[in-house]
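Listed here are the chains, written in short residue letters.
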Amino acid sequence: MHAAAFARPDEPEAAPPEVELVAQLRASQEWIPELSIVAITDELIVGHVVCSRATIADSIEVLGLGPLGVHPDYQDERIGSALMHAVIGAAADHRIAAPQDSYGEHFQVRHLHSATGNEKDPFRHADAFDSVP
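Conventions adopted
- Residues numbered from 1 in each chain as written.
- Predicted model: local features only at pLDDT ≥ 70, side-chain atom pairs only at ≥ 80, totals over all residues.
- Heavy atoms only, no water.
- Helix = DSSP H or I, 4+ residues; strand = E, 2+ residues; numbered from the N terminus.
- Buried < 20%, exposed > 50% of the residue type's maximum accessible area, 1.4 Å probe, protein only.
- Contact = heavy atoms within 4.5 Å.
- Areas by Shrake-Rupley, 256 points an atom, 1.4 Å probe, with all protein chains shown as cover.
- pLDDT = per-residue confidence, 0-100.
- Salt bridge = Lys/Arg side-chain N within 4 Å of Asp/Glu carboxyl O.
- Polar contact = N/O pair within 3.5 Å; in protein donor to acceptor, adjacent residues only side chain to side chain.
- Patch = residues over 30% accessible without salt bridge, like charges linked within 9 Å, V, L, I, M, F, W, Y side chains within 5 Å.
- Arc of directions from axis to C-beta.

Draft legend 1. View of the overall build of the protein. For the protein, the count of helices and strands is four helices and four strands. Listing each helix as α and each strand as β along the protein from the N terminus yields α-α-β-β-β-α-β-α. Of all 133 residues assigned to the protein, the portion counted as buried reaches 32%. Across the protein, every contact between residues at least 6 apart in sequence was considered, and the portion connecting residues at least 24 apart equals 51%. When the accessible surface of the protein is totalled, it reaches about 8,700 Å², and 52% of it is carbon and sulfur.

Below, the structure is given as C-alpha coordinates:
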(Lines give C-alpha, C1' and ligand atoms only; values in the text may rest on other atoms or scores of the structure.)
Protein backbone atom coordinates (compact mmCIF):
# COMPACT_ATOMS: atom_id res chain seq x y z
CA MET A 1 0.00 0.00 0.00
CA HIS A 2 2.81 2.44 0.88
CA ALA A 3 4.56 1.65 -2.42
CA ALA A 4 1.52 2.95 -4.28
CA ALA A 5 0.82 5.82 -1.89
CA PHE A 6 4.36 7.23 -2.07
CA ALA A 7 5.30 6.26 -5.65
CA ARG A 8 7.67 8.74 -7.28
CA PRO A 9 6.66 9.56 -10.89
CA ASP A 10 10.30 10.27 -11.76
CA GLU A 11 11.35 6.81 -10.44
CA PRO A 12 8.40 4.47 -11.19
CA GLU A 13 10.40 1.26 -10.65
CA ALA A 14 12.02 2.32 -7.35
CA ALA A 15 10.43 1.45 -4.04
CA PRO A 16 9.72 4.65 -2.09
CA PRO A 17 11.72 5.01 1.16
CA GLU A 18 8.50 4.83 3.19
CA VAL A 19 8.22 1.12 2.31
CA GLU A 20 11.61 0.36 3.88
CA LEU A 21 10.83 2.70 6.78
CA VAL A 22 7.70 0.75 7.71
CA ALA A 23 9.62 -2.54 7.42
CA GLN A 24 12.39 -1.25 9.70
CA LEU A 25 9.91 0.17 12.19
CA ARG A 26 8.10 -3.18 12.36
CA ALA A 27 11.39 -4.90 13.19
CA SER A 28 12.36 -2.35 15.83
CA GLN A 29 11.82 -1.97 19.57
CA GLU A 30 10.04 1.32 18.84
CA TRP A 31 7.18 -0.40 16.94
CA ILE A 32 3.82 -0.30 18.73
CA PRO A 33 1.51 -2.83 17.03
CA GLU A 34 -1.61 -1.35 18.66
CA LEU A 35 -0.85 1.97 16.98
CA SER A 36 -0.41 0.55 13.49
CA ILE A 37 -3.82 1.30 12.01
CA VAL A 38 -5.16 0.42 8.57
CA ALA A 39 -8.14 1.66 6.61
CA ILE A 40 -9.99 -1.05 4.71
CA THR A 41 -12.63 -0.69 2.02
CA ASP A 42 -13.92 -3.29 -0.42
CA GLU A 43 -11.75 -5.81 1.48
CA LEU A 44 -8.61 -3.90 0.43
CA ILE A 45 -6.14 -2.05 2.64
CA VAL A 46 -6.33 1.50 1.31
CA GLY A 47 -4.56 3.43 4.07
CA HIS A 48 -2.08 2.95 6.88
CA VAL A 49 -0.62 5.04 9.67
CA VAL A 50 1.77 4.07 12.43
CA CYS A 51 3.00 5.60 15.65
CA SER A 52 6.33 4.57 17.12
CA ARG A 53 8.18 5.39 20.29
CA ALA A 54 10.11 8.66 20.14
CA THR A 55 11.64 11.16 22.54
CA ILE A 56 12.09 14.83 23.18
CA ALA A 57 15.43 15.82 24.67
CA ASP A 58 16.42 12.14 24.59
CA SER A 59 14.47 11.53 27.81
CA ILE A 60 10.84 12.61 27.48
CA GLU A 61 8.93 9.70 25.98
CA VAL A 62 6.45 10.66 23.26
CA LEU A 63 4.96 9.11 20.13
CA GLY A 64 6.21 9.75 16.63
CA LEU A 65 3.56 9.51 13.94
CA GLY A 66 4.25 8.37 10.43
CA PRO A 67 4.38 7.43 7.80
CA LEU A 68 0.76 7.84 6.85
CA GLY A 69 -0.19 6.67 3.39
CA VAL A 70 -3.39 6.40 1.41
CA HIS A 71 -3.57 4.47 -1.86
CA PRO A 72 -3.84 6.94 -4.77
CA ASP A 73 -7.16 5.45 -5.92
CA TYR A 74 -8.67 6.39 -2.54
CA GLN A 75 -7.11 9.77 -1.88
CA ASP A 76 -9.41 12.76 -1.46
CA GLU A 77 -11.96 10.59 0.34
CA ARG A 78 -10.95 11.75 3.84
CA ILE A 79 -9.26 8.44 4.65
CA GLY A 80 -6.06 10.23 5.66
CA SER A 81 -8.09 12.60 7.83
CA ALA A 82 -9.79 9.66 9.50
CA LEU A 83 -6.42 8.02 10.21
CA MET A 84 -4.99 11.30 11.55
CA HIS A 85 -8.07 12.56 13.38
CA ALA A 86 -6.27 13.30 16.64
CA VAL A 87 -3.12 14.86 15.16
CA ILE A 88 -3.48 18.63 15.16
CA GLY A 89 -1.20 21.61 15.05
CA ALA A 90 2.30 22.51 14.01
CA ALA A 91 5.44 21.90 16.07
CA ALA A 92 6.19 25.61 16.26
CA ASP A 93 3.03 26.16 18.25
CA HIS A 94 4.42 23.89 20.96
CA ARG A 95 8.08 24.93 20.71
CA ILE A 96 9.17 21.39 19.76
CA ALA A 97 11.81 21.29 17.04
CA ALA A 98 11.41 18.93 14.06
CA PRO A 99 14.21 16.38 13.66
CA GLN A 100 15.03 17.82 10.22
CA ASP A 101 14.37 21.30 8.84
CA SER A 102 13.04 19.73 5.63
CA TYR A 103 9.94 18.51 7.52
CA GLY A 104 8.70 22.11 7.51
CA GLU A 105 4.97 22.43 8.02
CA HIS A 106 4.52 18.66 7.71
CA PHE A 107 5.89 18.11 11.23
CA GLN A 108 2.96 18.12 13.63
CA VAL A 109 2.50 17.63 17.34
CA ARG A 110 -0.42 17.11 19.67
CA HIS A 111 -0.11 18.48 23.18
CA LEU A 112 -0.75 15.81 25.80
CA HIS A 113 -1.96 16.38 29.34
CA SER A 114 1.33 15.13 30.78
CA ALA A 115 3.43 17.58 28.75
CA THR A 116 4.62 20.64 30.62
CA GLY A 117 4.81 23.02 27.69
CA ASN A 118 8.52 23.55 28.32
CA GLU A 119 9.76 20.78 26.03
CA LYS A 120 12.05 22.96 23.88
CA ASP A 121 14.57 20.33 22.88
CA PRO A 122 14.65 18.41 19.60
CA PHE A 123 12.19 15.66 18.82
CA ARG A 124 13.78 12.30 17.95
CA HIS A 125 11.92 9.69 15.89
CA ALA A 126 12.60 5.95 16.15
CA ASP A 127 16.06 4.99 14.87
CA ALA A 128 14.56 3.62 11.64
CA PHE A 129 13.93 7.20 10.47
CA ASP A 130 17.69 7.86 10.52
CA SER A 131 18.58 4.83 8.42
CA VAL A 132 16.15 5.36 5.53
CA PRO A 133 17.00 8.05 2.96
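Draft legend 2. How the structure looks around the confidence of the model for the protein. Predicted confidence across the protein gives a mean pLDDT of 82, with 82% of residues reaching 70 or more. A low-confidence stretch, residues 86-91 (pLDDT under 50), is modelled with 15 contacts involving residues beyond four sequence positions or located in other chains.

Draft legend 3. Focus on the pattern of salt bridges. Summed over all chains, the structure comprises three salt bridges. One network of salt bridges, in which partners are shared, links R124, D127 and D130.

Draft legend 4. Spatial organisation of the side chain of H48. Its place among the elements puts H48 in strand β2 (residues 44-56). Within the local environment of H48, its side chain forms a polar contact with the side chain of H2, the two groups lying 2.7 Å apart. A polar side-chain atom of H48 sits 2.8 Å from a polar atom in the side chain of S36. Each residue touching H48, except ones within four places of it in the same chain, is listed here: M1, H2, V22, R26, S36, I37, V38, P67, L68, G69 and L83.

Draft legend 5. How the structure looks around a nonpolar patch on the surface. There is a patch of nonpolar side chains on the surface, built from V38, I40 and I45 and spanning about 270 Å² of accessible area. Its place among the elements puts I45 in strand β2.

Draft legend 6. Fine view of unusual backbone geometry. With an omega dihedral of 5 degrees, the bond running from G66 to P67 counts as a cis peptide bond. With respect to the helices and strands, P67 occurs in strand β3 (residues 60-70). With a phi angle near 65 degrees, D76 is a residue other than glycine that sits in the positive phi range. Turning to its location among the elements, D76 is positioned in the loop between β3 and α3 (79-83). Phi at R78 takes a positive value of approximately 70 degrees, unusual for a residue other than glycine. With respect to the helices and strands, R78 occurs in the loop between β3 and α3.

Draft legend 7. The side chain of H2, seen in detail. As for its position among the elements, H2 is in helix α1 (residues 2-5). Residue H2 is classed as buried on the basis of its relative accessible area, which comes to 9%. Those residues in contact with H2 that lie beyond four places of it in its chain are P16, V19, V22, H48, P67, L68 and G69.

Draft legend 8. Broad picture of helix α2 (residues 17-26). Three or more residues of α2 are buried, namely E18, L21, V22 and L25. In an axial view of α2, the angular spread of the buried residues amounts to 95 degrees, which keeps them on one side of the axis. The secondary structure elements touched by the buried residues of α2 are α1, β1 (31-41), β2, β3 and α4 (128-131).

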